[in-house]
Amino acid sequence: MSRYKLFIVDDSALIRLRLKTSLALWPEIQIVGEAENGQEALKKIPLVKPDVVTLDLEMPVLDGLSTLKELNKVYPVPVIMLSSLTTHGAKATIEALENGAVDFVPKDGDWNKVISELKEKIKIAVSAKKRPKPFTGGTLNPKNVILGKNGRQLVVIGASTGGPPALREIIPKLPQTFPVPIVIIQHITRGFSKPLADQLARVSRLKVKEAEKDEQLLPGTVYVAPAGYTFKIAKYGSSLIAKIIEPVEYLPAHFYPSVDEAMLSAAEVAGSKTIGVLLTGMGKDGALGMKAIKERGGYTIAQDEETSVVYGMPKAAVDIGGVSRVLPLSAIAEEIAANI
């Protein structure tokens with residue numbers, strides 16, 4: 001049986017001990033080293049050559065984000081951030097994802113849930129085809145994009161693992177004159193969707209915000225669905241409305257928000273006037289929604305395998321015939337704009 005070689009970086013000796021004790025019960029993980037700060041980690045990691053690293057955000061000497069940036073240079077390896085649910089922790093986590101971290105796990109709350117989520121994300125990180133490409137600055141003035149005249153009313157974008165840097169590649173390229181609302185369904189922990197929206201807003205010409213209950217979806221605005229809720233799109237007269245619902249019961253293996261639920265509702269209320277986009281991610285959430293949009297005459301775009309961190313969700317949509325066109329990440333913004 002192959003084993004995943006894990007290196008732990010955390011300034012808390014207690015957290016390191018709890019991680020080692022809990023993960024040692026899983027035979028597929030071999031812990032090959034640990035460090036209490038980023039500076040120590042940068043010296044040790046290239047020597048022990050781990051398959052994956054867990055990295056704390058807040059540490060003395062060298063913090064997690066600075067460590068991640070240096071690690072990208074000296075020993076590129078899949079990194080999972082261990083994050084706090086504070087406002088500062090959420091913002092720093094989104095920045096870490098944009099700088100090449102594969103995913104993150106909030107270490108607040110029930111420890112059994114933390115370990116369960118960490119185990120799953122270690123498997124995803126190691127099996128990922130590629131690491132997210134760190135964001136290096138993009139331009140707010142790309143070449144002129146001619147908006148299509150296809151009568152579209154809505155764009156729905158779904159993403160999971162590797163989504164935040166992919167979104168940062170797409171959204172800033174869209175012109176300020178973009179004529180329809182854009183809804184983003186990103187699989188992310190509750191409390192982290194607003195910081196994601198704030199980060200995108202800082203680099204985009206479009207207005208970007210976390211969606212609010214029952215608000216009208218306006219042209220030229222990007223809405224990030226709030227994490228932890230069911231999100232659907234409804235129609236009131238000629239207007240599209242964000243329907244945000246607190247689940248009565250959280251079902252295992254179901255996403256909150258779900259790309260499928262959002263896209264299926266979009267197909268229902270906007271039909272051929274919808275563009276669906278499915279980006280990198282594990283699993284198959286969004287495949288049925290993409291197919292529904294396409295079957296109703298809408299246009300659907302999937303990120304290709306080469307540029308996907310995890311070619312799961314886009315592949316699932318392709319496999320069931322739900323995709324109009326498969327494109328590399330760099331070409332998706334222009335394709336969206338050309339088919340509005």
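Residues numbered from 1 in each chain as written. Predicted model: local features only at pLDDT ≥ 70, side-chain atom pairs only at ≥ 80, totals over all residues. Heavy atoms only, no water.

Chemist: Residue-level account of the overall build of the protein, with values.
Modeler: Along the protein, the regular secondary structure elements total 11 helices and 14 strands. Here the C-alpha coordinates of the protein stretch approximately 60 × 45 × 35 Å along the principal axes. Within the protein, the proportion of its 340 residues that are buried is 56%. Put simply, of all contacts in the protein between residues at least 6 apart along the chain, 74% involve residues at least 24 apart. By element, 52% of the accessible surface of the protein is carried by carbon and sulfur atoms, the whole surface being about 14400 Å². (Helix = DSSP H or I, 4+ residues; strand = E, 2+ residues; numbered from the N terminus. Buried < 20%, exposed > 50% of the residue type's maximum accessible area, 1.4 Å probe, protein only. Contact = heavy atoms within 4.5 Å. Areas by Shrake-Rupley, 256 points an atom, 1.4 Å probe, with all protein chains shown as cover.)

Chemist: Describe the UniProt feature "domain: Response regulatory" (unreviewed entry) in the protein, and please don't skip the residues or the numbers.
Modeler: Per the UniProt record, "domain: Response regulatory" (unreviewed entry) is found at residues 5-122. What you have in residues 5-122 is 48% helix and 22% strand, and the ends, taken at the C-alpha atoms, are 10 Å apart. (UniProt positions renumbered as here; feature names shortened; annotations may be inferred.)

Chemist: Lay out unusual backbone geometry with the relevant residues and their values.
Modeler: Going from Tyr256 to Pro257, the amide bond is cis rather than trans, its omega being 5°. Mapped onto the elements, Pro257 comes out in the loop between strand E11 (239-245) and helix H8 (259-270). The phi dihedral of Val61 is positive, around 70°, even though this residue is not glycine. By the element assignment, Val61 lies in the loop between strand E3 (52-56) and helix H3 (64-74). Take Val61: its relative accessible area is 58%, and that puts it in the exposed class.

Chemist: Requested: an account of the sheet that holds strand E13 (residues 299-303), with residues and values cited.
Modeler: Ordered in space as E8-E9-E7-E6-E12-E13-E14, the seven strands form an open sheet in which the pairing is parallel. Two strands close off the open sheet at either side, each with one partner strand: strand E8 (207-210) and strand E14 (325-327). Strand after strand, the sheet turns through a mean of 20° between neighbouring axes, direction not considered. Bridge count for E13 against E14 is three bridges, and the pairing is parallel. (Pairing = 2+ DSSP bridges. Axes fitted to C-alpha atoms, helices over the stretch in contact; angles between N-to-C directions.)

Chemist: Can you lay out helix H4 (residues 87-98) for me, pointing to particular residues and giving the numbers?
Modeler: For H4, spanning 12 residues, the distance from its first C-alpha to its last is 17 Å, which sits close to the expected 16 Å at 1.5 Å a residue. Among all positions in H4, only Gly89, Ala90, Ala92, Thr93, Ile94, Ala96, Leu97 and Glu98 are buried. Looking at the buried residues of H4, the elements they touch are H3, strand E4 (79-83), strand E5 (103-106), helix H6 (163-170) and helix H7 (193-203). Phi for Gly100, located one or two positions after H4, is positive at around 110°. (Expected span 1.5 Å × (residues − 1).)

Chemist: For the packing of helix H2 (residues 38-48) against H3, give the residues involved together with the corresponding values.
Modeler: Where H2 meets H3, the closest approach of the two axes is 10 Å, and the angle between their N-to-C directions is 15°. By the angle between their directions, the pair H2 and H3 is classed as roughly parallel. Note on packing geometry: the crossing formed by H2 with H3 is right-handed. Side by side, H2 and H3 meet where Gly38, Leu42 and Ile45 of the first sit next to Thr67, Glu70, Leu71 and Val74 of the second. Classifying every residue of the contact of H2 with H3 by side-chain character gives four nonpolar, two polar and one charged. (Parallel < 35°, antiparallel > 145°, perpendicular 65-115°, else oblique. Left-handed = near helix turned anticlockwise from the far one by under 90°. Nonpolar A, V, L, I, M, F, W, Y, C, P; charged D, E, K, R; others polar.)

Chemist: Please set out the UniProt feature "modified residue: 4-aspartylphosphate" (unreviewed entry) in the protein residue by residue, giving values where relevant.
Modeler: Using the residue numbers shown here, the UniProt feature "modified residue: 4-aspartylphosphate" (unreviewed entry) corresponds to Asp56. Structurally, the position occupied by Asp56 is in strand E3. On the basis of relative accessible area, Asp56 is assigned to the buried category, the value being 3%. Leaving out residues up to four positions away in the same chain, Asp56 has contacts with Val9, Asp10, Asp11, Gly64, Met81, Leu82 and Lys107.

Chemist: Summarise the sheet that holds E3; cite the residues concerned and give the values.
Modeler: Strands sit in the order E2-E1-E3-E4-E5 across an open sheet of five strands; the sheet is parallel. Here the strands that pair on one side only, and so sit at the sheet edges, are strand E2 (29-35) and E5. Along the sheet, successive strands turn relative to each other by an average axial angle of 25°, direction set aside. For E4 and E5, the ladder comprises four bridges, and the chain directions are parallel. Its bridge partner being in E5, Ile80 is matched across the sheet by Asp103. Packed on one face of the sheet, H2 meets strand E1 (4-9), E2 and E3 and runs near 170° to E1.

Chemist: Any details on the environment of Ile157? Residues and values, ideally.
Modeler: One can find Ile157 in strand E6 (residues 154-159). Here the alpha-carbon distance between Ile157 and Thr67, two residues 90 residues apart in the chain, equals 31 Å. Excluding residues that lie within four positions of it along the chain, Ile157 makes contacts with Leu167, Ile171, Ile182, Val183, Ile184, Ile185, Val277 and Leu279.

Chemist: Please provide a residue-by-residue account of the packing of aromatic side chains, values included.
Modeler: Applying the stated criterion to the full structure yields three aromatic pairs. With a centroid separation of 6.2 Å and an interplanar angle of 55°, the aromatic rings of Tyr4 and Trp26 are classed as tilted. Taken together, the residues span a long stretch of sequence, with Tyr4 in strand E1 and Trp26 in the loop between helix H1 (13-23) and E2 at a distance of 22 residues. Taking relative accessible area as the criterion, Tyr4 reaches 16% and is therefore assigned buried. In this structure, Lys121 is placed above the aromatic ring of Phe104, and the distance from its NZ or CZ to the ring centre is 5.3 Å. (Phe/Tyr/Trp six-rings, centres within 6.5 Å; stacked < 30°, edge-to-face > 60°. Lys NZ or Arg CZ within 6 Å of the ring centre and 35° of its normal.)

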